[in-house]
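Coordinate inspection notes
What follows is the residue order along each chain.
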Amino acid sequence: MTQRLSKVAKNLNVGIGNLVEFLQKKGITVENNPNTKIDDGQYQLLVAEFSKDKKVKKEAIEYLDKMHRKDNRNETVTIEGYEKEDAQKASLKESIFKSETQVDLRPKINVVGSINLDKDNTLKTEPKEKP
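Now for a look at the structure at hand.

Cut-off values and rules
Residues numbered from 1 in each chain as written. Predicted model: local features only at pLDDT ≥ 70, side-chain atom pairs only at ≥ 80, totals over all residues. Heavy atoms only, no water. Helix = DSSP H or I, 4+ residues; strand = E, 2+ residues; numbered from the N terminus. Buried < 20%, exposed > 50% of the residue type's maximum accessible area, 1.4 Å probe, protein only. Contact = heavy atoms within 4.5 Å. Areas by Shrake-Rupley, 256 points an atom, 1.4 Å probe, with all protein chains shown as cover. Axes fitted to C-alpha atoms, helices over the stretch in contact; angles between N-to-C directions. Parallel < 35°, antiparallel > 145°, perpendicular 65-115°, else oblique. Nonpolar A, V, L, I, M, F, W, Y, C, P; charged D, E, K, R; others polar. Patch = residues over 30% accessible without salt bridge, like charges linked within 9 Å, V, L, I, M, F, W, Y side chains within 5 Å. Salt bridge = Lys/Arg side-chain N within 4 Å of Asp/Glu carboxyl O. Phe/Tyr/Trp six-rings, centres within 6.5 Å; stacked < 30°, edge-to-face > 60°. Lys, Arg positive; Asp, Glu negative; His and termini not counted. Charge placed at Lys NZ, Arg CZ, Asp CG, Glu CD. Core = buried A, V, L, I, M, F, W, Y, C linked by side-chain atoms within 4.5 Å. Polar contact = N/O pair within 3.5 Å; in protein donor to acceptor, adjacent residues only side chain to side chain.

Considerations on the overall build of the protein chain
A count of helices and strands for the protein chain gives four helices and two strands. Sequence-ordered secondary structure for the protein chain, helices as α and strands as β, is β-α-α-β-α-α. Across the 131 residues of the protein chain, 13% fall into the buried class. Long-range pairs, those at least 24 residues apart, make up 61% of the contacts in the protein chain between residues at least 6 apart in sequence. As displayed, the protein chain has an accessible area near 12,600 Å², and 52% of this comes from carbon and sulfur atoms.

This is the structure in structure tokens:
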């Protein structure tokens, strides 16, 4: 069964140029084109030579998957009576906040004027009378 050189390069985690170079050293003429097809004998030669790189890639992927799964396995611990303390602390914080803020310290808003946005009340200028 023939396979394309690009697919073999992806599977073995090796560049296409490296595969072509290796095959040419073995006396096999192969075009440096990703769409070049190679037969089973050539594929077996490449697997025998570059299987180490494939193993390294597989181990790296497994390691990354393991690291991602480790984050998902977080365990939770519940403490009895913890929710009651939170409610008490929240009410205490609210009462402290209310007692500390004074009316004088709150920002004040001064209304200076108003803007009329109606189209009917636009300013009309009357022409001056000429003597």
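Overview of the packing of helix α1 (residues 5-12) against helix α2 (residues 16-25)
Running from N to C, α1 and α2 point in directions that differ by 105°, and their axes come no closer than 9 Å. Classified by the angle their axes make, α1 and α2 are roughly perpendicular. Where α1 approaches α2, its residues L5, S6, V8, A9 and L12 are matched on the opposing element by I16, L19 and V20. Residue composition of the contact of α1 with α2, grouped by class: seven nonpolar, one polar and no charged.

Structural notes on a nonpolar patch on the surface
Taken together, Y63, L64 and M67 make up a surface patch of nonpolar side chains, about 310 Å² in accessible area. Mapped onto the fold, Y63 is located in helix α3 (residues 40-72). Given the relative accessible area of 52%, Y63 is considered exposed.

Description of the packing of aromatic side chains
In the structure shown here, the tally under the stated rule is one aromatic pair. Ring centres of F22 and F50 lie 5.6 Å apart, and the angle between their planes is 75°; this geometry places the pair in the edge-to-face category. Separated by 28 residues along the polypeptide, F22 in helix α2 and F50 in helix α3 bring together distant segments of the chain.

Focus: a positive patch on the surface
Residues K10, K54, K57 and K58 make up a contiguous surface patch of positive charge. Here the element with the most residues in the positive patch is α3; it accounts for three residues. Residue placement: K58 occurs in helix α3.

Observations concerning the nonpolar core
V8, L12, L19, L23, I38, L46 and F50 are the most contacted members of the largest nonpolar core, which totals 15 residues. Setting aside chain neighbours within four positions, we find L19 in contact with L5, V8, A9, L12, V14, L46 and F50.

Here's the deal with the side chain of Q42
Inspection of the secondary structure puts Q42 in helix α3. Setting aside its immediate chain neighbours within four residues, Q42 contacts L23 and I28.

Digging into the side chain of T36
Relative to the assigned elements, T36 resides in the loop between α2 and β2 (37-38). At a separation of 3.2 Å, a polar atom in the side chain of T36 contacts the main-chain carbonyl oxygen of E31. Beyond its immediate chain neighbours, meaning those up to four positions away, T36 contacts Q3, R4, L5, V30 and E31.

Nothing here speaks to function; it is geometry throughout.
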